[in-house]
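Analysis of the macromolecular model
Each chain is listed here by its residues.
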Amino acid sequence: MTDAIIRCRGLSLWYGTFRALDRVTLDVRPGEILSLIGPSGCGKSTLIRCFNRMNDYPYVRVEGDLHVAGYDVTGGNIDALALRRDAGMVFQRPNPLPLSIRDNVLFGVRLHAPRTPKSVQDGLVESSLRAVSLWDHVKDQLDRDAETLSLEGRQKLCIARLLPVKPTVLWMDEPCSALDPDGIGAVEELMRSLRGTFTQVIVTNNMQQARRISDRCVFMLMGELVEVGTTAQLFTKPVDERTARYIEGRYG
Ligand SMILES: Nc1ncnc2c1ncn2[C@@H]1O[C@H](COP(=O)(O)OP(=O)(O)O)[C@@H](O)[C@H]1O
Ligand SMILES: [Mg+2]
């Protein structure tokens, strides 16, 4: 595939002597929602952190080839700040900065484009909060402390604050696992509305969520990418016996 936005070839990662990724090869298509599933400890978070170059520790060794949105991530001299502007990360626990709602949304703009005029900044605050369906709730309280929002509101804000710097890829590592069913529904709806505009790679430990939201799914086991396919194919006609056992609920 030539138009892949993420191209991963034979990617391996060791924490010290422990091999957490074993020659992962994967192409991700622009605009798709791709879910990473597999039992706890299989390497989902490790893989998504590699994509954002967040495994830069002295005891971590990476081998293989990884290109994300034009960046040679495993190559020597990458601008990690620029990579993280073009590829934004959402975590399990919503982690807004201890600032107002407005300042959270504008944080990336002030970092990457500090001379952006005030009127443009105001427009970005509105469009980003609208994109995550928060605007109507908070438009009269933009100076409110972001940490006082509900869990769902904070997670939506964490997605909203990535948007002003116009990323092409969004990584989300179990973005719904701290939310109640209403919050999960709202964030899934948000992911669907962002489909096509952004490429979304989502780690989920909830197979039903993967079925609901993703175009394609990856099944991982012990650091290995076992199978990748369309969501329908992977859940109804898995090719690999290990995938079949996992979706039947026999482990994990
Ligand atoms: N910073 C780390 N140092 C050492 N081992 C780690 C570290 N992070 C994860 N691991 C190990 O790597 C494996 C994969 O972990 P992880 O990527 O978090 O899995 P998952 O997200 O699928 O639950 C696990 O065995 C885990 O204990
Ligand atoms: Mg994880």
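Everything in this summary refers to the structure shown in the same document. (Residues numbered from 1 in each chain as written. Chains lettered and ligands numbered in written order. Predicted model: local features only at pLDDT ≥ 70, side-chain atom pairs only at ≥ 80, totals over all residues. Heavy atoms only, no water.)

**Thoughts on the state of the cysteines**
We apply this condition: The disulfide criterion is simple: two cysteine sulfur atoms within 2.5 Å. Only protein chains enter the area calculation, which uses a 1.4 Å probe; residues under 20% of their type maximum are buried, those over 50% are exposed, and those in between are partly exposed.
The final tally for this structure, using the stated rule, is zero disulfides. Not part of a disulfide, Cys8 finds its nearest cysteine sulfur in Cys50, a span of 7.7 Å. Of all cysteine sulfurs in the structure, the one in Cys176 sits closest to Cys158, which takes part in no disulfide; the separation is 12 Å. According to the relative accessible area criterion, Cys158 is buried, its value standing at 2%.

**Section: helix α6 (residues 151–160)**
Spelled out, the test is: In this text, helices come from DSSP runs of H or I with a minimum length of four residues, and strands from runs of E with a minimum of two, each type numbered from the N-terminal end. A contact between two residues is defined here by any heavy atoms of the two lying within 4.5 Å.
Of all ten residues in α6, eight are buried, a share of seventy percent or more. Looking only at α6, the buried set comprises Gly153, Arg154, Gln155, Lys156, Leu157, Cys158, Ile159 and Ala160. Residues of α6 that are buried make contact with β6 (87–90), α3 (101–112), α4 (118–131), β7 (169–173) and α7 (181–194).

**Let's talk about the packing of aromatic side chains**
Threshold: When the centres of two rings from Phe, Tyr and Trp lie within 6.5 Å, Trp using its six-membered ring, the rings pair. Their planes under 30 degrees apart give stacked, over 60 give edge-to-face, and anything left gives tilted.
A complete count under the given rule lists four aromatic pairs for this structure. Consider the rings of Phe51 and Trp171, whose centres lie 5.1 Å apart with planes at 35 degrees: the pair is tilted. Placement of Phe51 in helix α1 (residues 44–51) and of Trp171 in strand β7 is noted, with a sequence separation of 120 residues between them. Residue classification places Trp171 among the buried positions, given a relative accessible area of 0%.

**Some words on the pairing of β6**
Just so we agree on the cut-off: Two strands qualify as a pair provided DSSP detects at least 2 bridges between them.
Burial along β6 is two-sided: the residues Ala87 and Met89 and Gly88 and Val90 are all buried. Taken together, the four bridges between β6 and β7 define a ladder with parallel strand orientation. Within β7, the residue paired with Val90 across the bridge is Met172.

**Considering the pairing of strand β3 (residues 33–37)**
Across the five residues that make up β3, a large majority, five, are buried. Burial along β3 is two-sided: Ile33, Ser35 and Ile37 and Leu34 and Leu36, pointing in opposite directions, are all buried. As paired elements, β3 and strand β8 (residues 199–203) share four bridges and run parallel to each other. Bridge pairing in β8 links Leu36 to Val203.

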